[in-house]
Amino acid sequence: MGDATLHRQRTGWKQRVGVVRVQIAPDYRHLGLGTAMVRELRHLGEKSALHYLMAEVIEEQAAAVRAFEKMGFARAVTYRNFVNDQKGGLHNLLVLLYRMSSSAEDPNV
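Throughout this description, residue numbers start from 1 for each chain and increase along the sequence as written. Since the coordinates come from a predicted model, pLDDT governs what is reported: local features require at least 70, and pairs of side-chain atoms require 80 or more to be given and counted, while whole-chain, interface and lining totals use all residues. The side-chain quantities take in all heavy atoms of the structure and omit both hydrogens and water.

### Observations concerning the packing of aromatic side chains
We describe a pair of aromatic rings using the distance from one ring centre to the other and the angle between the two ring planes.
1) Next: The rule is short: rings of Phe, Tyr and Trp, with Trp giving its six-membered ring, pair when the centres are within 6.5 Å, and they are stacked under 30 degrees, edge-to-face over 60, tilted in between. Applying the stated criterion across every chain yields a total of three aromatic pairs.
2) Next: With centroids separated by 4.9 Å and ring planes inclined at 70°, the aromatic side chains of phenylalanine 68 and phenylalanine 73 adopt a geometry described as edge-to-face. Across this residue pair, the class does not change: phenylalanine 68 and phenylalanine 73 are buried.
3) Next: Residues phenylalanine 73 and tyrosine 98 carry aromatic rings whose centres are separated by 5.4 Å and whose planes lie at 40° to one another, so their mutual orientation is tilted. One end of the pair, phenylalanine 73, is in the loop between α2 (62-70) and β4 (74-84); the other, tyrosine 98, is in strand β5 (residues 90-99), with 25 residues separating them in the sequence.
4) Next: When its relative accessible area of 3% is taken as the criterion, phenylalanine 73 is described as buried.
5) Next: Three or more aromatic residues link up through ring pairs in this structure, and these residues are Phe68, Phe73 and Tyr98. Relative accessibility decides the category of a residue: with a 1.4 Å probe and only protein chains considered, values under 20% of the type maximum give buried, values over 50% give exposed, and everything between is partly exposed. Where helices and strands are cited, they refer to DSSP runs of H or I of at least four residues and of E of at least two residues respectively, numbered from the N terminus.

What follows is the structure, given as structure tokens:
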């Protein structure tokens, strides 16, 4: 039905950034499954003391973009003609960031 993962580096300059990846089977989209899984990943990010979660979405995936924004992710940057589909067509890649509440207390973030 779906899969959601949180990727992070335990050391180095990106150790406080978690990368969220979500895939939902077409028949199960728009049912709240992805939202529930991302909420769980946010919880895991809090427990791991992450400062940010990052998601990358093809800009044309409007429903996914809206879902992330509804959960508090903000558009950070758009890379124009950055990724290609299986037919070789170019698409914009949108990077969204979610600032973890624990990072609001740290003035160095």
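Okay, back to it.
### Side note on the nonpolar core
1) Next: Side-chain atoms within 4.5 Å link the members of a nonpolar core, which is a set of buried Ala, Val, Leu, Ile, Met, Phe, Trp, Tyr and Cys residues. The biggest cluster of nonpolar side chains holds 15 residues, and the ones touching the most others in it are Val20, Val38, Leu53, Phe68, Phe73 and Leu96.
2) Next: Other than its neighbours up to four places away in sequence, valine 20 contacts Thr5, Leu6, Val38, Leu41, Leu53, Met54, Ala55 and Phe68. Note on definitions: a residue-residue contact is assigned when non-hydrogen atoms from the two residues lie within 4.5 Å.

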